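Next come the chains, spelled out residue by residue.
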Amino acid sequence: ELGEGGMATVYLAKDIKHNRKVALKVLKPELAAVVGAERFLAEIETTANLQHPHILALFDSGEADGFLFFVMPFIEGETLADRIARDKQLPVDEALGIATSVANALHVAHEAGVVHRDIKPGNILLSRGEPLVADFGIALAVGAGGARLTETGLSVGTPFYMSPEQATGDQNIGPAADIYALACVLYEMLVGEPPYLGNTAQAVLGKIIQGLPVSATSARRSVPANVDAAIRKALEKLPADRFTTAGDFARTLSDPAFRYGDVEGVVSAGAARPRVARYAWPAVAILAVIAAVLGWLPSAAPGSSPVIRYKIQVPGYAAQVPMWFGALAPDGSAMVFLGLDATGRRTMYLKEARSTRAVPIESASQGFAGFSPDGRWLALAGFDGRLLKIDRTGGGSTVLAEVEPGSVVWTEDGTITVGANGKLVRVSEDGGVLGEIPLSKPTVTVGHLSPLPGDRGFLYVETGFDGGLSEQLWAYDARAGESKLLADGVAMAWYGEPGYLVMARSGAQASSGPPLFASAFDPESLELQGANVGLTEPVGLEITYTEMWLSPNGTAVYELASDTAIGGDRMVWVGRDGTETEVDPEYALEVETNGGMRLSPGGTHVAINTSEGSSASNIFVKRLPDGPPIKVTFTDEASRRPTWHPDGTTILFVAPGPSGHDALWQVRADGAGSAQLVLERERAIFEGLWSPDGEWLVYRTDDEGTPDRGDIMAIRPGVDSVPTPIAATAAEETGPALSPDGRWIAFASNEQGGRKEVFVRPFPNVDDGRWQISTNGGTEPAWSPDGSEIFFWSGLAQLEMGAAQVETTGGFALQSVETLFRPTVTYRANDDSRWYDVHPDGDRFLMVRRAYGAEDQPLVLVENFFELVAEALGR
């Protein structure tokens, strides 16, 4: 992949017939759908016949599997945008030569009836110093889409080079728009920046529509008067007042006698500062002006800043990795996040607004990140236990302290606070731990942190479990050196000027009100003022706290829900050292998060929950490594979480029962016969397994409507009428796993304060003891085949495979706990039930590696988000 824009993605390819490199441009599916293959291929013939030495030739075009593409020469060199970024201003003669060549190329295209619509430095390639105009194929596609294109929210054009008629949504775009854009490009080559600047794309477009005159000569005295006059005429607000043809524009650039209008009252360079970050997140696919045309933007009140919302594509970003690891710069000019590279490996990325690429932070481990108040530095609390201070400009990194990983906030007093494992640790930005801030209870954990203005401190969330999930929003008052409780049921919060708190609820608190809401807030007294107001309607999406960033300047980024399913997960063997081997390279999976898989007692087969292209997921049995998957359940609703009977003849699974809620069913492993109902209770059953002797049936309930949700129970079918509680407390117990001899049961519970840990009890006489296995979080326990080890995911977001060595021959004893490996790719995991299994040899695990890249995950960027808040609060 060479690059990506709102309309298409361009790839480097090889023309096999002619043994040459070519550029293959593939239209975005939404654009292709609007244009249509037949219309596109007919229109593209016009581009193929454009013959000019400064127009990039078209080699080929076509349609393949619904994708529309065209092929161009691959140019070794750089774009004009690269040249300007490097040199700022070009020599006057060179700039005029480039502009003249481009104008002559546009003249030929216009005579053929083709309007480019997106002339900008990035679409002008420099090959041995000669310019080549690219992307006429996109122009034809846009022309073929006509008015239907606007209805989809797609548009072509870049704010700095948009003509006034494009900025106002006019559908009748003619050659004058290209002349206008070329004048902007020439001005930028001479002055170093486009003629109209602003804090936001909307501000830029507003100045373009106003049409205030500019002067290149006033900014750079060496620019000839005729060139300045030609630029001013080409930038006229009305198309009729510009040059009649691009050829006329070219001729005036070499006519010393040409003059136009009055140069008094012009906007000189720098008068429109501060400018928006260069090219305003250049992967924008939906421009603010089109959003306004579609009615997406609220009317801006006098004196307010317009709210602008558009999609962005961020290379490396994956919806499957939670956003809470990352952050936005205070001025919205960059984002840092934990993403995935092309192989699925987790990597910390820095994405500058002015760049189309996300750059891996080589010095950083995986972890939580935050920006310094001035935006230059990054603080990263890594999973390796180091707090790094990283120079955003590329100046390297420094280890400030050793801290446990957690959410990060950097305040204006030069202090970095990390919410790590049930404590708030304060570290100097120059290095060294300053101390800890006490929490309300020793059993709570620390969640999201965000800064308050000036010396007021920061916001943080305490999460606990005391008869149910508890989330509380606190403010640390840096002046008083103490904390103040602000609200219950809040999982994340951000402060915004001149006095707002935007707050979010977690999914567990969804019944308490809208997921995103706001309140007036006094930063001096640190008090909420007035009622909470929901933001679901102004924002337009039911986003949750895990899907949003919000910077102090009011830039917001949130995930846009996608209907595209991600496919191509793979079953892999993972060794005790983390090395991976694919089981069957030909077998790809479509699995559910709440599904599961288990190896047969001899390890020769696997039962797995997958959809295999059908609407509902079912249970399939596959002989390892390369046997065909055999479907054994045929339910209209999801069948999931399979486990084997000890004799290997039948499979136990979860599916809706006769009463409508989930129950346990059993089906033959060879798929013969129909599924039989095994157990249905008044409460839903979400997981089940047989004891090794086949006498006991252990199952887990998960009814969030009752206080004792997530209980683990056991019953002897045909013997007991009342189940035996195995782990049934006010907390949530999940993931039951019986030892090979059936004497011990491991499970996960958050009874000690929010975070789940792995515990062991005797089975079925649970009153004879209880032992805690993990200490840094633990879920999905599994026993080794000989019963000497308990494996589990530990750490944050299942980032470590832990192994506990245990003694079970007499009583139970925990001997030691070690970390086997930290995955560098993402495996399926679920803290409710196990998504991996242990091979009978005890030396490897069967896991499902998640596939990435099948989905083009969009983000939505909102400028001036706090204007939405002000409107919602009636301010």
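Residues numbered from 1 in each chain as written. Predicted model: local features only at pLDDT ≥ 70, side-chain atom pairs only at ≥ 80, totals over all residues. Heavy atoms only, no water.

Peer 1: Got a minute to help me understand the overall build of the protein in this structure?
Peer 2: Within the protein, the regular secondary structure consists of 15 helices and 56 strands. Sequence-distant contacts in the protein: of pairs separated by 6 or more residues, those separated by 24 or more amount to 51%. For the protein, the exposed surface amounts to about 34300 Å²; the carbon and sulfur share of it is 48%. (Helix = DSSP H or I, 4+ residues; strand = E, 2+ residues; numbered from the N terminus. Contact = heavy atoms within 4.5 Å. Areas by Shrake-Rupley, 256 points an atom, 1.4 Å probe, with all protein chains shown as cover.)

Peer 1: Could you clarify how one ought to interpret the pairing of strand E4 (residues 60-64) in this entry?
Peer 2: Along a regular strand, successive side chains alternate from one face of the sheet to the other. With five bridges connecting them, E4 and strand E5 (residues 67-73) associate as antiparallel partners. Across the sheet, residue alanine 64 finds its bridge partner in E5, namely phenylalanine 67. Following E4, the chain reverses through two residues before pairing antiparallel with E5; aspartate 65 in that reversal takes a positive phi of roughly 50°. (Pairing = 2+ DSSP bridges.)

Peer 1: I keep staring at the pairing of strand E27 (residues 500-504) and nothing clicks. Help me out?
Peer 2: Counting buried positions over the five residues of E27 gives five, a clear majority of the element. Two elements, E27 and strand E28 (residues 516-522), share five bridges in a ladder whose sense is antiparallel. Across the sheet, valine 502 pairs through a bridge with alanine 518, a residue of E28. (Buried < 20%, exposed > 50% of the residue type's maximum accessible area, 1.4 Å probe, protein only.)

Peer 1: I'm lost on the confidence of the model for the protein in this one. Help?
Peer 2: Atomic detail in the predicted coordinates should be set aside for any region of low pLDDT. Residues of the protein with pLDDT of at least 70 account for 84%, and the chain-wide mean is 82. Averaged pLDDT values over the elements of the protein bottom out at 36 in helix H13 (residues 288-293) and peak at 97 in strand E54 (residues 837-838). Scored below 50 in pLDDT, residues 267-303 makes 109 contacts in the model with residues more than four places away or belonging to other chains. Contacts from residues 562-566, a stretch scored under 50 in pLDDT, to residues over four places away or in other chains number eight contacts. (pLDDT = per-residue confidence, 0-100.)

Peer 1: How do you make sense of the pattern of salt bridges when you look at a structure like this?
Peer 2: Side-chain pairs of opposite charge can arise where the charged atoms are in close proximity. This model, assessed by the stated rule, comprises 37 salt bridges. Put simply, glutamate 94 and arginine 83 hold a salt bridge, and the shortest N to O gap is 2.5 Å. Taken as a pair, glutamate 94 in helix H4 (residues 92-111) and arginine 83 in helix H3 (residues 80-87) lie far apart in primary sequence, 11 residues in all. Note on glutamate 94: relative accessible area 29%, which makes it partly exposed. Classification of arginine 83 by relative accessible area gives buried; the value is 13%. Between arginine 743 and aspartate 741 there is a salt bridge; the shortest N-O distance is 3.8 Å. (Salt bridge = Lys/Arg side-chain N within 4 Å of Asp/Glu carboxyl O.)

Peer 1: In this structure, what is going on with the packing of helix H8 (residues 175-191) against helix H12 (residues 246-253)? I would like to understand it.
Peer 2: When two helices pack together, their arrangement is captured by the angle between the axes and the distance separating the axes. In the contact formed by H8 and H12, the axes pass within 10 Å of each other and the chain directions differ by 30°. By the criterion of interaxial angle, the relationship of H8 to H12 is roughly parallel. Considering how the two elements wind past one another, H8 and H12 form a crossing that is right-handed. Counting all contacts with H8, which are made through Ile179, Leu182, Ala183 and Leu186, the residues of H12 involved are Ala246, Phe249 and Leu253. (Axes fitted to C-alpha atoms, helices over the stretch in contact; angles between N-to-C directions. Parallel < 35°, antiparallel > 145°, perpendicular 65-115°, else oblique. Left-handed = near helix turned anticlockwise from the far one by under 90°.)

Peer 1: Help me out: how do you make sense of the packing of aromatic side chains in this one?
Peer 2: Between two aromatic rings, the relevant description is the distance of the centres plus the angle of the planes. Enumeration according to the criterion identifies 22 aromatic pairs in this entry. Seen in terms of ring centroids, phenylalanine 458 and tyrosine 460 are 5.9 Å apart; in terms of plane orientation they differ by 50°. Their pairing is tilted. Of the two residues examined, phenylalanine 458 and tyrosine 460, each falls in the buried class. With a centroid separation of 6.4 Å and an interplanar angle of 55°, the aromatic rings of phenylalanine 821 and phenylalanine 845 are classed as tilted. Of this pair, phenylalanine 821 sits in strand E53 (residues 813-821) while phenylalanine 845 sits in strand E55 (residues 844-849), placing them 24 residues apart in sequence. In this structure, phenylalanine 821 and phenylalanine 845 share a single accessibility class: buried. Of the aromatic side chains, those joined through ring pairs into one cluster are Phe791, Trp793, Phe821, Tyr836 and Phe845. Lysine 233 extends its terminal NZ or CZ atom over the ring of phenylalanine 243, reaching a point 5.5 Å from the ring centre. Geometry around phenylalanine 517 places arginine 505 over its ring, the cationic atom sitting 4.1 Å from the centre. (Phe/Tyr/Trp six-rings, centres within 6.5 Å; stacked < 30°, edge-to-face > 60°. Lys NZ or Arg CZ within 6 Å of the ring centre and 35° of its normal.)

Peer 1: Looking at this structure, I do not really get the nonpolar core. What am I missing?
Peer 2: A general trend in soluble globular proteins is that nonpolar side chains are found buried together. Counting residues in each nonpolar core, the largest one holds 57 residues, and the members touching the most others are Leu80, Leu186, Met189, Leu190, Ile231 and Phe249. When sequence neighbours within four positions are dropped, the list of residues in contact with leucine 80 reads Leu90, Ile98, Pro121, Ile124, Leu126, Val185 and Met189. The next biggest cluster of nonpolar side chains, apart from the first, holds 33 residues, and it includes Phe325, Leu340, Ile416 and Val427. (Core = buried A, V, L, I, M, F, W, Y, C linked by side-chain atoms within 4.5 Å.)

Peer 1: Quick question: what am I supposed to make of the side chain of arginine 641 here?
Peer 2: Topologically, arginine 641 is positioned in strand E38 (residues 640-644). The exposure class of arginine 641 is buried, given its relative accessible area of 6%. Here the side chain of arginine 641 touches phenylalanine 686 through a polar contact of 2.9 Å, landing on its backbone oxygen. In terms of polar contacts, arginine 641 uses its side chain to reach the side chain of serine 833, at 2.9 Å. Each residue touching arginine 641, except ones within four places of it in the same chain, is listed here: Asn594, Gly595, Gly596, Asn609, Leu652, Phe653, Val654, Phe686, Arg700, Asn830, Asp832 and Ser833. (Polar contact = N/O pair within 3.5 Å; in protein donor to acceptor, adjacent residues only side chain to side chain.)

Peer 1: Honestly, unusual backbone geometry in this entry has me stumped. Any pointers?
Peer 2: A negative phi holds for most residues other than glycine; trans holds for most peptide bonds. Residue proline 625 is bonded to the preceding leucine 624 through a cis peptide linkage, with omega at 5°. Residue placement: proline 625 occurs in the loop between strand E36 (618-623) and strand E37 (629-631). Cis peptide bonds are those with omega within 30 degrees of zero, and the linkage from phenylalanine 763 to proline 764 qualifies with 0°. Along the polypeptide, proline 764 turns up in the loop between strand E48 (757-762) and strand E49 (771-772). Phi at lysine 88 takes a positive value of approximately 65°, unusual for a residue other than glycine.

Peer 1: Would you mind showing me how to read H8 here?
Peer 2: The α-helix advances 3.6 residues per turn, and as a result positions three or four apart in sequence lie on the same side. Taking 1.5 Å as the rise per residue, H8 with 17 residues should run 24 Å; its terminal C-alpha atoms sit 24 Å apart, in good agreement. Summarising burial for H8: 16 of the 17 residues are buried, a large majority. Following H8 by one or two positions, glycine 192 adopts a phi angle in the positive range, close to 105°. (Expected span 1.5 Å × (residues − 1).)

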